[in-house]
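Survey of secondary and tertiary structure
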Amino acid sequence: MKISDSIFYVGVNDHDIDLFEGQYEVPNGMAYNSYVILDEKIAVFDSVDASKSEEWLDNLKNTLKEKQPDYLIVLHMEPDHSGSIMKFVSAYPNTTIVSSSKAFTMMKNFFGTDFENNRIVVGDGDTLNLGTHSLSFYTAPMVHWPEVMLAYENTEKVLFSADAFGKFGALDADEDWACEARRYYFGIVGKYGMQVQLLLKKLSGVDVKTICPLHGPILTENLGYHLDLYNTWSSYGTESKGVVIAYTSVYGNTKNAVMRLAEILESKGVKVSVTDLARDDMAEAVEDAFRYDRLVLATTTYNGEIFPFMREFINHLVERNFQNKTVGFIENGSWAPVATKIMTSMLEKCKNLKLTQNNVKILSAVSQQNLTEISALAEELM
């Protein structure tokens, strides 16, 4: 794929993968992106997952023809990007590896070598001249690993953004960018909002015309839209007004209460997203909880605790710094109900949560009193 007269895409699509990072469903596969700048000096940006090494090297060879790369620039050491480094070095042994100090430490851990005799260590503000093109490097620690860097090509104003602005899905997938970029962001980067904010500030004066991430499509249009979404996500702001109702239900009684609440809210024109935590994609549920401004948690007391899928869901929220939301509760317990107490205690570490006063306590099945409570909760959530 030709990005410009001098910059080329040489990455690969992976349609064999079922779970990314061992947990995220990727029905449309993944893209492992890699790029080449052809100039007086030739630079290759990142390798790909080890499972796609040969395909990547073929793409690289077809682009380079008989030329030899001068630099392999490693922006991120996660194995889906670094897994083919040693095969690259075997194919192009005279190439100099360019990366951060922390990345070279990781290379020693992964490969048994840190390329001490054939490397360039770069950090914030360092530059690399390729001829008519030049690169400026920006460190981006914990976006989302500590060694991460971004590289900015000054002539064509291209930002090689590592995992930032990435998404799930192979490049041949026909799907909405924001949906899968949001699920990717909150699943993988969401904990590190402060670090993403620092990076956005660092890049605020940089004139970017093209963003080349390590996953997902190359971004060339409406960059303000993508940057604004990243700013909203990383500042834990509200992207959309609406109520997410996340529930578990053993025999259907808690679900009945949830559906009644959703019906009332929707009749008032409120956007509602209902998710069954035992059956639906957990990453989608997490994504929606961060996207919308209101959340209702509905579950049963279970073994003196809460239902396992609800506990998992709340853990996902807390470890990703869930904040700035209104949260309501529906609990069900045939005897000794404690679900609301446990859920609220789990959320104590979260910042700036407004907990509703009108919550619902079901004793086995939805009663007339519960219907009144549901109406009151709906009114408070308006």
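Let me sum up the structure you'll find in this document. (Residues numbered from 1 in each chain as written. Predicted model: local features only at pLDDT ≥ 70, side-chain atom pairs only at ≥ 80, totals over all residues. Heavy atoms only, no water.)

**Describing the overall build of the protein chain**
To be explicit about the condition: Under the scheme used here, helices are H or I runs from DSSP no shorter than 4 residues and strands are E runs no shorter than 2 residues, and both carry numbers assigned from the N terminus. For every residue, the accessible area obtained with a 1.4 Å probe (protein chains only) is divided by the maximum for its type, and the residue is called buried under 20%, exposed over 50%, and partly exposed between those limits. It only takes one pair of heavy atoms within 4.5 Å for two residues to be counted as in contact. Where accessible areas are quoted, they stem from the Shrake-Rupley method and a 1.4 Å probe; at the residue level, only the protein chains shown are allowed to cover. A positive count includes Lys and Arg, and a negative count includes Asp and Glu. His and the chain ends are not counted in either. The atom standing in for a charge is NZ when the residue is Lys, CZ when it is Arg, CG when it is Asp and CD when it is Glu.
When you go through the protein chain residue by residue, the secondary structure sums to twelve helices and 22 strands. Projected onto its principal axes, the C-alpha positions of the protein chain cover 80 × 40 × 35 Å. Considering the protein chain as a whole, with its 382 residues, one finds that 56% of them fall into the buried category. When contacts within the protein chain are restricted to residue pairs at least 6 apart in sequence, those whose partners lie at least 24 apart make up 70%. Accessible area for the protein chain stands at about 16400 Å²; split by element, carbon and sulfur atoms hold 47% of it. Taking the average place of the 34 positive charges on the side chains of the protein chain and the average place of its 51 negative ones, the gap between the two points comes to 5 Å.

**Comments concerning the layout of surface pockets**
A water-sized probe, rolled over the atoms, reveals where empty space remains. The line we're drawing: With a 1 Å grid spanning the protein atoms alone, the term cavity applies to any set of points in which a 1.4 Å probe fits but cannot get out, the term pocket to an open set with protein on both sides within 12 Å along at least five of seven lines, and the term lining residue to any residue with an atom within 4 Å of a point. Grid points are joined across faces, edges and corners, and a volume is the space filled by probe spheres set on the points. Three categories are distinguished: nonpolar for Ala, Val, Leu, Ile, Met, Phe, Trp, Tyr, Cys and Pro, charged for Asp, Glu, Lys and Arg, and polar for the others, with Gly belonging to the last.
One number sums up the size of the largest pocket: a volume of about 360 Å³. Taken together, 17 residues form the lining of the largest pocket, with Thr 300, Thr 301, Asn 332, Gly 333 and Ser 334 sitting closest to its centre. No other element matches the three residues that strand E18 (residues 292-302) contributes to the lining of the largest pocket. Classifying every residue of the lining of the largest pocket gives five nonpolar, twelve polar and no charged. The computed volume of the second largest pocket comes to approximately 230 Å³.

**So, the packing of helix H10 (residues 308-319) against helix H11 (residues 339-346)**
Filter applied, for reference: To obtain each axis, a line is fitted to C-alpha atoms, and for helices this fit is confined to the stretch in contact; angles are then taken between N-to-C directions over 0 to 180 degrees. Angles are sorted into four bins: roughly parallel if under 35 degrees, roughly antiparallel if over 145, roughly perpendicular if 65 to 115, and oblique for all others. Helix crossings get a hand from a simple test, with the near helix turned counterclockwise from the far one by less than a right angle marking a left-handed crossing and a clockwise turn marking a right-handed one.
Relative to each other, H10 and H11 sit at 20 degrees, their axes nearing to 10 Å. Viewed along their axes, H10 and H11 adopt a mutual orientation that is roughly parallel. For the element pair H10 and H11, the recorded crossing hand is right-handed. Residues Met 310, Arg 311, Ile 314, Asn 315 and Val 318 of H10 touch H11, and the partners they reach there are Ile 342, Met 343 and Met 346.

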